[in-house]
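# Coordinate analysis (summary)
Residue-level listing of the chains:
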Amino acid sequence: MTDAAAMRVLFWNVAVGGDRRLPLLERVDADLLLLAEVSLSSSRYWTQRWAGKYDCAAALELVDSPQDRPRGAMIASRWPLRAARAISDLPRPERGLVAETDHPGGQLSLIAWSAPNATGDGRAAKQQGYSAVHAELATLQPLVVAGVDTNTWDDPPLGSPPAELDPDWEPEQTFCGREPAHGLQDALRVVLDRDRPRSDLVRAVRPHGPLAATYIRRPAGRPTRIINRPGMAFGLDRMDRIYASPTIEVAACETFYHEAIDAGSDHALVLADLRIPSDSRRATARSGLRG
């Protein structure tokens, strides 16, 4: 991207990693790669392979995991990373990674995180994860860019009534909803909300959501189906999202499901073109961010 204030951000739950993912990752040629569920071997191989192009950090290099075959978050940046750390209060700290970098447009805080699965890890663990990331975001200086596998089912189109909060699921609901408590903007939702005809088309086809499909959920052994009714336990979901501070401009955002599945993952790849406007750069400089 020729604009020094612009950046292309990729988020992808790569589902372990391996050589099949590399052609797609490298063809995109993003400035920031926020990756989820990367094996230790893949994170080490990719770090070596990308030396001189990306500065890399992997959560599995920072914390031990009790899992037999752990998968952790990874961040790769065209600009040097610093202060990389796992999110310690997560049920599985290796699943969340925070780092900072100096983008030409301003200093950035970066997050890659994959939320627990309530079916496998339990509702309490999932909500604990959301609470931990809420708390982490509250400590970060602007500007923030986050890639998240939300593992959420709820993604109402524009014009849908706000969902009633359920105390058992409130941390997740307030993170993923239309007006999230963390204050970041959902890049794809920004793009669709300002393109009313496109949003209306999505709502006409999928009145209960999602805005896009990044994962197809189904019971084990059942065929893939689209169930377009509220409360159903399988169908299309937009689990994978890129979030950014409200002062960061969202130029474009798109999901790439078929390409990602063909490369061996079970989640879509999400891409966003973002830009840090000059007034945000001045405000960041005045705030005296740590360097």
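It should be emphasised that the depicted structure is a prediction, and the values quoted were computed from it without experimental measurement.

Procedures and definitions
- Residues numbered from 1 in each chain as written.
- Predicted model: local features only at pLDDT ≥ 70, side-chain atom pairs only at ≥ 80, totals over all residues.
- Heavy atoms only, no water.
- Helix = DSSP H or I, 4+ residues; strand = E, 2+ residues; numbered from the N terminus.
- Rg over C-alpha atoms; globule rule 2.2 N^0.38 Å.
- Buried < 20%, exposed > 50% of the residue type's maximum accessible area, 1.4 Å probe, protein only.
- Pairing = 2+ DSSP bridges.
- Axes fitted to C-alpha atoms, helices over the stretch in contact; angles between N-to-C directions.
- Contact = heavy atoms within 4.5 Å.
- Polar contact = N/O pair within 3.5 Å; in protein donor to acceptor, adjacent residues only side chain to side chain.
- Phe/Tyr/Trp six-rings, centres within 6.5 Å; stacked < 30°, edge-to-face > 60°.
- Salt bridge = Lys/Arg side-chain N within 4 Å of Asp/Glu carboxyl O.

## Points about the overall build of the protein
- When helices and strands are tallied, the protein shows nine helices and 14 strands.
- Here the C-alpha radius of gyration of the protein, 18 Å, is about what a compact globule of 291 residues would show, namely 19 Å.
- Overall, the C-alpha framework of the protein stretches about 50 × 45 × 35 Å when taken along its three principal axes.
- Relative to its 291 residues, the protein shows a buried fraction of 51%.

## Let's talk about the sheet that holds strand E1 (residues 6–16)
- The six strands are arranged E3-E4-E2-E1-E14-E13 in an open sheet whose pairing can be described as mixed. Looking along the sheet, the strands with just one partner apiece sit at the ends: strand E3 (55–58) and strand E13 (249–256). When the angles between neighbouring strand axes are averaged without regard to direction, this sheet yields 15°.
- Note that E1 and strand E14 (residues 269–275) share seven bridges and pair antiparallel. When the sheet's bridge partners are listed, arginine 8 is paired in E14 with aspartate 273.
- Across the sheet, helix H2 (residues 40–49) is in contact with E1, strand E2 (32–39), E3 and strand E4 (71–77); its angle to E2 comes to roughly 145°.

## Focus on the sheet that holds strand E7 (residues 106–114)
- With mixed pairing, six strands are arranged side by side in an open sheet as E5-E6-E7-E8-E12-E9. Strand pairing shows two members of the sheet lacking a second neighbour, strand E5 (81–86) and strand E9 (185–186), which therefore form its edges.
- The pairing of E5 with strand E6 (residues 96–103) spans four bridges and is antiparallel. Of the residues in E6, the one forming a bridge with alanine 86 is leucine 97.
- Contacts between helix H4 (residues 123–139) and the sheet are confined to E5, E6, E7 and strand E8 (144–149), with E7 contributing the most and set at about 175° to the helix.

## Focus on the environment of glycine 221
- By secondary structure assignment, the location of glycine 221 is in the loop between strand E10 (215–217) and strand E11 (235–237).
- Each C-alpha atom, one on glycine 221 and one on aspartate 121, is 20 Å from the other, the two residues being 100 residues apart in sequence.

## Things to note about the side chain of aspartate 31
- Examined against the element boundaries, aspartate 31 turns out to sit in the loop between helix H1 (22–28) and E2.
- A distance of 2.8 Å separates the side chain of aspartate 31 from the backbone nitrogen of arginine 8, its partner in a polar contact.

## Concerning the packing of aromatic side chains
- This model, assessed by the stated rule, comprises six aromatic pairs.
- An angle of 75° between the planes, with centres 5.5 Å apart, marks the rings of tryptophan 50 and tyrosine 54 as edge-to-face.
- Classification of tyrosine 54 as buried rests on a relative accessible area of 8%.
- An aromatic cluster of three or more residues is present, and its members are Trp113, Tyr130, Phe175 and Tyr243.

## What to know about the pattern of salt bridges
- A complete count under the given rule lists 24 salt bridges for this structure.
- Between aspartate 3 and arginine 275 there is a salt bridge, and its shortest N-O distance comes to 2.5 Å. Here arginine 275 lies in strand E14 and aspartate 3 lies in the segment before E1, a separation of 272 residues in the sequence.
- The class of arginine 275 is partly exposed, set by a relative accessible area of 26%.
- One salt bridge in this structure joins arginine 44 and glutamate 61, with 2.7 Å as the shortest N-O distance. In this pair, arginine 44 is assigned in helix H2 and glutamate 61 in the loop between E3 and E4, connecting sequence segments 17 residues apart.
- The exposure class of arginine 44 is partly exposed, given its relative accessible area of 42%.
- Through salt bridges with shared partners, one network takes in Asp155, Asp186, Arg189, Arg238 and Arg241.

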